[in-house]
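# A structural walkthrough
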Amino acid sequence: MSAALLESDPAVEMAGRLRLACEAHDPDIGPHLDRVTRYGGEIGRLMGLTETQRLEVRHATPLHDVGKIGLPMVLLNKTGRLTSGEMDIIKTHTVIGHRILDGSRWPLLRCAARIALSHHECWDGSGYPQGLAGTAIPLEARIVAVADVYDALMSQRAYKPAWEEDLVVAEMRRLRGVKFDPEILDLFIDHLPTATASPVG
């Protein structure tokens, strides 16, 4: 499918409406979705993805946490440390999101389903929900994992303050080859000023 056709695909509208559902559940999530989309799009450009691939990632990325609409906000906004049982509940957002998106006839939503399911997988196999490792993790999910964690660490959350960028970079470098695809992480960090300043698209 050409980039022009993808932009007019009904799946783009559906993805946008699912994003609205995410924002209805969590009114504060919109800026995070915008930033992760921007960072992921720039990673895709730096990796040399085709225009159509980049557009798929662009429209699919905002749905990476769509499964959280199945979780109670009191748990998502908890200020204290989560218990192991509460963390197990949080982890189910990957499976819930996949269930919402999987099986679509639209490639865009199938891409979103892969991202929703696998963006918490780790390069070394220690992630969830499937314990995938290396290139068994879908490429789109590996891209979003880098973008998502960078923004999460840089942002204030109910349970933590925002980190300084040098601390964020140091932590992500520490997790190179553990949580993150080394090639994708290096590309993002090496182009950080561009990757975090470029417009959405």
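Scroll up to find the structure this text is about.
What this report covers is the structure whose coordinates are included nearby. (Residues numbered from 1 in each chain as written. Predicted model: local features only at pLDDT ≥ 70, side-chain atom pairs only at ≥ 80, totals over all residues. Heavy atoms only, no water.)

Right, let's talk about the environment of Ile89 for a bit. By secondary structure assignment, the location of Ile89 is in helix α6 (residues 84-91). The sequence separation of Ile89 and Leu109 amounts to 20 residues, and the corresponding C-alpha distance is 24 Å. When neighbours within four sequence positions are excluded, Ile89 is seen to be in contact with Leu71 and Leu75. (Helix = DSSP H or I, 4+ residues; strand = E, 2+ residues; numbered from the N terminus. Contact = heavy atoms within 4.5 Å.)

Quick look at helix α11 (residues 182-190) now. Taken together, the buried positions of α11 are occupied by Pro182, Ile184, Leu185, Phe188 and Ile189. Around the axis of α11, the buried residues are gathered within 165 degrees of arc, so they sit on the same side. Seen from the open side of α11, the exposed residues pointing more than 90 degrees away from its buried face are Glu183 and Asp190. At the N-terminal boundary of α11, the capping side chain belongs to Asp181, with an oxygen 2.9 Å from the backbone nitrogen of Glu183. (Buried < 20%, exposed > 50% of the residue type's maximum accessible area, 1.4 Å probe, protein only. Arc of directions from axis to C-beta. Polar contact = N/O pair within 3.5 Å; in protein donor to acceptor, adjacent residues only side chain to side chain.)

What follows concerns the side chain of His120. Here His120 shows up in the loop between α8 (107-118) and α9 (139-154). Note on His120: relative accessible area 19%, which makes it buried. Among the polar contacts listed, one links the side chain of His120 to the side chain of His93, at a separation of 3.5 Å. Once you skip the residues sitting within four places of it in the chain, His120 turns out to touch His93, Thr94, Gly127, Tyr128, Asp148 and Lys179.

Following Tyr128, the chain continues into Pro129 via a peptide bond in cis, with omega recorded as 10 degrees. Here Pro129 lies in the loop between α8 and α9.

Right, let's get into the nonpolar core. The biggest cluster of nonpolar side chains holds 38 residues, and the ones touching the most others in it are Leu63, Leu101, Val146, Met172 and Phe188. Broken down by secondary-structure element, the contributors of at least two residues to this core are α2 (10-25), α3 (30-47), α8, α9, α10 (165-174) and α11. Of all hydrophobic cores here, the second largest spans six residues; its members include Leu71, Leu75, Leu76 and Ile90. (Core = buried A, V, L, I, M, F, W, Y, C linked by side-chain atoms within 4.5 Å.)

What follows covers the packing of aromatic side chains. Scanning the model with the defined rule gives three aromatic pairs in all. With 5.4 Å between their ring centres and 80 degrees between their planes, Tyr39 and Tyr150 make a pair best called edge-to-face. Of the two residues, Tyr39 is situated in helix α3 and Tyr150 in helix α9; the sequence distance between them amounts to 111 residues. Residue Tyr39 shares its accessibility class with Tyr150, and that shared class is buried. Seen in terms of ring centroids, Tyr39 and Phe188 are 6.1 Å apart; in terms of plane orientation they differ by 50 degrees. Their pairing is tilted. Of the two residues, Tyr39 sits in helix α3 while Phe188 sits in helix α11, which places them 149 residues apart along the sequence. Note on Tyr39: relative accessible area 6%, which makes it buried. What makes Phe188 buried here is its relative accessible area of 0%. (Phe/Tyr/Trp six-rings, centres within 6.5 Å; stacked < 30°, edge-to-face > 60°.)

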